[in-house]
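The residues making up each chain are set out below.
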Amino acid sequence: MIELRNICIRAGKFSLNQISLKVDKGNFNVLLGPSGSGKTLILETIAGLINPFEGEIFLHDKLSTHLPPDKRNLSYLPQDNALFPHKNVFENIAFGLRLSKLFIEHEIKLKVEEVAYHLNIQHILNRSVVNLSGGEQQRVALARSLILRKPILLLDEPTSSLHESMQEDFCLLLKQIQKEYHLTVLMSTHHKDSAFLLADNLHILDNGKIITQTKQNIYHSSLPENIAYLLGISNFLNLIKTNLDHQFYCEELQMYFVLSNINCNEKKLKIGVKPENIRVIKDEDLNKETQNRFVAIVNEILYKEKDALVLLEACETKYKLKMQISIYNLKKLNIFIGKIIHCKIKEEYINVIH
Amino acid sequence: MISLKRYTIFSAVSILFTYLILIISVFYFFEINEFKKVLSDNRVFYAIWISVLSASIATFLVIFIAVPSAYALSRYTFKLKPFVDVILELPMIVSPAALGAMLLIFFTTPAGLFIRENIIDVVYTFWGIVLAQFFSVLGICTRLMKAVFDEIPSRYENIARTLGANAIQTFFKVSLPLSKKGLLSSIILTWAKAIGEFGATITIAGTMAMKTETLPTAIYMKLSSADIKGTVILILILFTISISLLVITRVLLQTKNND
C-alpha cells in the first residue's frame, strides 16, 4: 500500500538517507522514534509535501514519487491540525468535498453531519475553530481527513497535544475509525504507550534507519541501545560469556547469569532490561530462587499513580538500576529507602543490545 | 545612570514631538477664508482628482504584479530570487528624481520612442504620472505583500494540497483569504505612497495646470510662488487623505490581529 525504497530526503541541514519502509494494506502502522528523528519528514514525503532527491515512493502499488499531493489519494493529519482559521468547523470539514465538486450542498451537509456525529463534534459545527479545545480541534481535523474516504491516513503525532487522560480515548477512537473505514494508517509518535496500544506493526526510526517489527516480537529481538531506551528499557548490563552453557558473567553486578533464552556466539554482549522486569524475591523464596539474583539497597522511591519507580544500587558494585513495582507490592513487601533487598531479572524479557 | 527603558521611551516620544512641531507650524498660517478660496479653485480640485485617479490606476496595476511576485518570493526558491529581492529596494535607495530621470531617459531610447509613438505617450502626460507612481511603489508594495505572505504558515497550504486542492485552488481558497486583510492594508499604504509621489512625477510628467499637476506638485508650485497660506491648505488636504488611510490601515490590522 505504501512503500518507500531507498528514499533520501533533506530539510535544511537535516537529512535522511536510504530510508525504506513497507506498509501493508489495512494495517495500523506506527512510526516510532525520538523527537527530531525525522518522522514528520517521512510522513510529509509520503504525502507529497517534500520531494525526495533520491529513491522511489509507491502508493497503491503505483510509482508515485513525483505525484502532486492532491493526486496521491491519501489523507494527512499534521501534528498541529492546521485547521483553516478563516473557516468555521463545518467549512473546515467540508473543504475537500467542496473542492471535489462532486456533491451538491445538501449532500455535503449530510456527509459533514455524518462524520461529525461519528466523532462526536456535531454540536460544534457552527463554531469558529480558533476557540476549540485541543481535543475538539483534533477531532475536527480528523473529520476533515476522513470525510474524503481516502484509503490511506497519515497521522503525525496525533496525541502529542492532548492531555494525558484524553490520549488513551483518542487512541481507541483512532483504532475504531481505522477498522470502520478500512483504512491503512501510518501514525508517527514518540510515545511508546500510544504506539503499543495501536500498532499492528511498529516501524522504529532511529539514527536514520527504520526497524520494522510486530509489537509481539519487539521485546524478544535484538535492538540498538537508542531504540531500546525509547521502548523504556533503561537498565543496561555488559555480559561476558563463560565456558559453561548459557552462563554469563555480569561486570556491573559482579555476578553470574544463566540466560537459557539467549543464543549468542559472541564472547561479550550487552543486555537491556525494562524496570518492570526486575522483581523482588520474597524472603520465603530466597532458597528457591537462586539464579540471576542480586542484592541491592533501595536508594529512592518515586511514586506514580499505580506504580512506583524504585532506584536500586547494587550492594557489591554500587551500580544503579531502576525497578518498577506496583504500589500494592511495594507495601506488601515492605520496601523502604535504605532497605536491602534481593532482586531477580526476568530472563524471558531480556533484550540483547547491539 | 540613565536606564535603558527611560532612554528608549524618550527616543520614541521625541519622534512624536519632532513631527508634531511640523504639523503645528502648518496651522500657524492656516486661514479659513483661504481654505474656502482654495477649495473653490478648479485647478486645485483638478490636482486632487488627477492625484486620486493616477494613484488608483497605478495601485491597481501594481496589485497585479505585486501579489503573484510577493507570493513567489515568499514561497518558492528560484534562480533570480536574490536579484529580484535586491531590485525591490531600488525605489527606496534611488532618489525619486533620479528614478524619474531614468524613466525619461528610457523614453528617449529607440525602445522608449517606439512605445511613445505606437503604444502610449507618457512624457508630460497623465500616463507619465501613473508610470512614475507605478515605478515608485511597485517595489515597496511587493515588499509589504511578501511580509504578509511570510506571516501565513505554509502548513495551511500543505494541508489544502492533501485535501485535494491543486496549487491554484490552494492560492485562491487558502493563501489569499488568509492574507486578505494584510494585503488590503498593503494596498492602502501603496495608494497613500503613490498619491504623495513627487520627484519622479515632476521629472517625467512635469507640472502643467489642469493637465499633469498633482497635489504634491501643486504644493511645490504654490510654495515656489511664495503662497504660503495656499501651500498650507494643500498640505492639510494631502495630510488629511494620508492620515485617514493610515487610520483605516491600523483598524484593519487591529481586526486582523483580533481574528
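*Asks:* Would you mind going over helix α6 (residues 96–106) of chain B in detail, with residue names and values included?
*Replies:* Residue and element names in this part refer to chain B. Within the span of α6, buried status applies to Leu99, Gly100 and Leu103. One side of α6 holds all its buried residues, which, seen down the axis, span an arc of 100 degrees. In this structure, the buried side of α6 is in contact with α8 (126–151) and α12 (199–205).

*Asks:* Requested: an account of the interface of chain B and chain A, with residues and values cited.
*Replies:* Counting residues at the interface gives 16 residues for chain B, matched by 22 residues for chain A. The junction of chain B with chain A conceals about 1700 Å² of combined surface from both sides, 70% of it contributed by carbon and sulfur atoms. Among the residues chain B hides against chain A, the three largest losses belong to Ile159, Thr162 and Leu163 of chain B. Together they make up 39% of the total. At the junction of chain B and chain A, the tally comes to two salt bridges. Across the pair Arg155 of chain B and Asp80 of chain A runs a salt bridge, and its minimum N-O distance is 2.3 Å. Elements supplying a minimum of two residues to the side of chain B that touches chain A: α9 (154–162) and α10 (167–178) of chain B.

*Asks:* Any chance you could break down empty space enclosed by the protein for me, citing the residues and the numbers?
*Replies:* Residues and elements named next belong to chain A. Applying the stated criterion across every chain yields a total of one cavity of 30 Å³ or more. Considered as a void within the structure, the largest cavity measures approximately 30 Å³ in volume. Ser75, Ser145, Leu146, Arg149, Lys150, Ile152, Leu153 and Leu183 together form the lining of the largest cavity. When residues of the lining of the largest cavity are traced back to their parent elements, those giving at least two are α4 (134–146) and β7 (152–156).

*Asks:* How would you summarise the packing of aromatic side chains if you had to cite specific residues and measurements?
*Replies:* A full pass over the atoms with the stated rule returns 16 aromatic pairs over all chains. Taking the centre distance of 5.1 Å and the plane angle of 70 degrees together, the rings of Phe60 of chain B and Phe64 of chain B count as edge-to-face. Note that Phe60 of chain B and Phe64 of chain B are positioned in helix α3 (residues 42–75) at a spacing of four residues, about one turn of the helix. We classify Phe60 of chain B as partly exposed; its relative accessible area is 49%. In this structure Phe64 of chain B comes out as exposed when scored by relative accessible area, which is 55%. Sitting over the face of the ring of Phe84 of chain A, Arg144 of chain A holds its NZ or CZ atom 4.8 Å from the ring centroid. The ring centre of Tyr156 of chain B lies 4.9 Å from the NZ or CZ of Arg155 of chain B, which sits over that ring.

*Asks:* Run through the pattern of salt bridges, naming residues and quoting values.
*Replies:* All names here are of chain B. A full pass over the atoms with the stated rule returns 25 salt bridges over all chains. A salt bridge links Glu34 to Lys37; its shortest N-O distance comes to 4.0 Å. Linking Glu34 with Lys37, this pair stays in helix α2 (residues 32–39), spanning three residues, or about one helical turn. Residue classification places Glu34 among the buried positions, given a relative accessible area of 11%.

*Asks:* Please set out the environment of Leu234 of chain B residue by residue, giving values where relevant.
*Replies:* Residues and elements named next belong to chain B. Examined against the element boundaries, Leu234 turns out to sit in helix α14 (residues 228–258). Each C-alpha atom of the pair Leu234 and Tyr220 lies 9.9 Å from the other, and the pair is 14 residues apart in sequence. Apart from residues no more than four positions distant in its own chain, Leu234 is found in contact with Val38, Val44, Leu215, Ala218, Ile219 and Lys222.

*Asks:* Give a description of the packing of α3 of chain B against helix α13 (residues 215–224) of chain B that names residues and reports values.
*Replies:* Residue and element names in this part refer to chain B. Between α3 and α13, whose axes approach to 8 Å, the crossing angle comes to 145 degrees. Along its contact with α3, which presents Arg43, Ala47, Ile48 and Ser51, the element α13 presents Leu215, Pro216, Ala218 and Met221. Along the lines of polarity and charge, the residues of the contact of α3 with α13 split into six nonpolar, one polar and one charged.

*Asks:* Help me get a handle on a nonpolar patch on the surface, residues and values and all.
*Replies:* On the surface, a nonpolar cluster with roughly 520 Å² of combined accessible area is contributed by Leu189, Ile235, Phe239, Ile243, Leu246, Val247 and Val251 of chain B. Broken down by element, the residue count for the nonpolar patch peaks at six residues, all from α14 of chain B.

*Asks:* Describe in detail the sheet that holds strand β5 (residues 62–63) of chain A, supporting the description with residues and values.
*Replies:* All names here are of chain A. If you trace the four strands from one edge of the open sheet to the other, you get β2-β1-β4-β5, paired in antiparallel fashion. Strands at the two margins of the open sheet, each flanked by one partner only, are β2 (14–23) and β5. As defined by bridge partners, strand β1 (residues 2–11) adjoins strand β4 (residues 54–59) across five bridges and the pair is classed as antiparallel. In the sheet register, Cys8 faces β4, and the bridge partner there is Glu54. Against the sheet, helix α1 (residues 39–47) touches β1, β2 and β4, its axis set at about 115 degrees to β1.

*Asks:* Give me the confidence of the model for chain B: which residues, what numbers.
*Replies:* For chain B, the average pLDDT comes to 90, and 98% of its residues sit at 70 or higher. Interface confidence for the predicted complex, expressed as ipTM, amounts to 0.77; the pTM equals 0.79.

*Asks:* Quick one: what's the story with the state of the cysteines, residue by residue and with numbers?
*Replies:* A complete count under the given rule lists zero disulfides over all chains for this structure. Left without a disulfide partner, Cys315 of chain A is nearest to the cysteine sulfur of Cys343 of chain A, which lies 9.3 Å away.

*Asks:* Explain the nonpolar core to me, and be specific about the residues and the numbers.
*Replies:* Of all hydrophobic cores here, the largest spans 92 residues; its most connected members are Ile42, Ile46, Ile93, Leu142 and Leu154 of chain A. Among the elements that make up this core, the one with the highest residue count is helix α2 (residues 89–100) of chain A (seven residues). The residues touching Leu142 of chain A, leaving out its near neighbours within four places in the chain, are Leu77, Leu119, Leu153, Leu155, Phe170, Leu173 and Leu174 of chain A. Residues Val122, Leu131, Val137 and Phe171 of chain B belong to the second largest nonpolar core, which totals 47 residues.

*Asks:* Could you give an account of unusual backbone geometry, with specific residues and numbers?
*Replies:* Although it is not a glycine, Glu157 of chain A sits at a positive phi angle of roughly 45 degrees. Summarising the element assignment, Glu157 of chain A is placed in the loop between β7 and α5 (164–180). Using a relative accessible area of 5% as the deciding quantity, one classes Glu157 of chain A as buried. At Tyr124 of chain B, a position not held by glycine, the phi torsion is positive, near 60 degrees. As for its placement among the helices and strands, Tyr124 of chain B is situated in the loop between α7 (110–118) and α8.

The rules behind each value
Residues numbered from 1 in each chain as written. Chains lettered and ligands numbered in written order. Predicted model: local features only at pLDDT ≥ 70, side-chain atom pairs only at ≥ 80, totals over all residues. Heavy atoms only, no water. Buried < 20%, exposed > 50% of the residue type's maximum accessible area, 1.4 Å probe, protein only. Helix = DSSP H or I, 4+ residues; strand = E, 2+ residues; numbered from the N terminus. Arc of directions from axis to C-beta. Contact = heavy atoms within 4.5 Å. Buried area = accessible area lost by both parts, 1.4 Å probe. Salt bridge = Lys/Arg side-chain N within 4 Å of Asp/Glu carboxyl O. 1 Å grid on protein atoms, 1.4 Å probe; cavity = no way out; pocket = protein on both sides within 12 Å on 5 of 7 lines; lining within 4 Å. Points joined across faces, edges and corners; volume = space filled by probe spheres on them. Phe/Tyr/Trp six-rings, centres within 6.5 Å; stacked < 30°, edge-to-face > 60°. Lys NZ or Arg CZ within 6 Å of the ring centre and 35° of its normal. Axes fitted to C-alpha atoms, helices over the stretch in contact; angles between N-to-C directions. Nonpolar A, V, L, I, M, F, W, Y, C, P; charged D, E, K, R; others polar. Patch = residues over 30% accessible without salt bridge, like charges linked within 9 Å, V, L, I, M, F, W, Y side chains within 5 Å. Areas by Shrake-Rupley, 256 points an atom, 1.4 Å probe, with all protein chains shown as cover. Pairing = 2+ DSSP bridges. pLDDT = per-residue confidence, 0-100. Disulfide = S-S within 2.5 Å. Core = buried A, V, L, I, M, F, W, Y, C linked by side-chain atoms within 4.5 Å.

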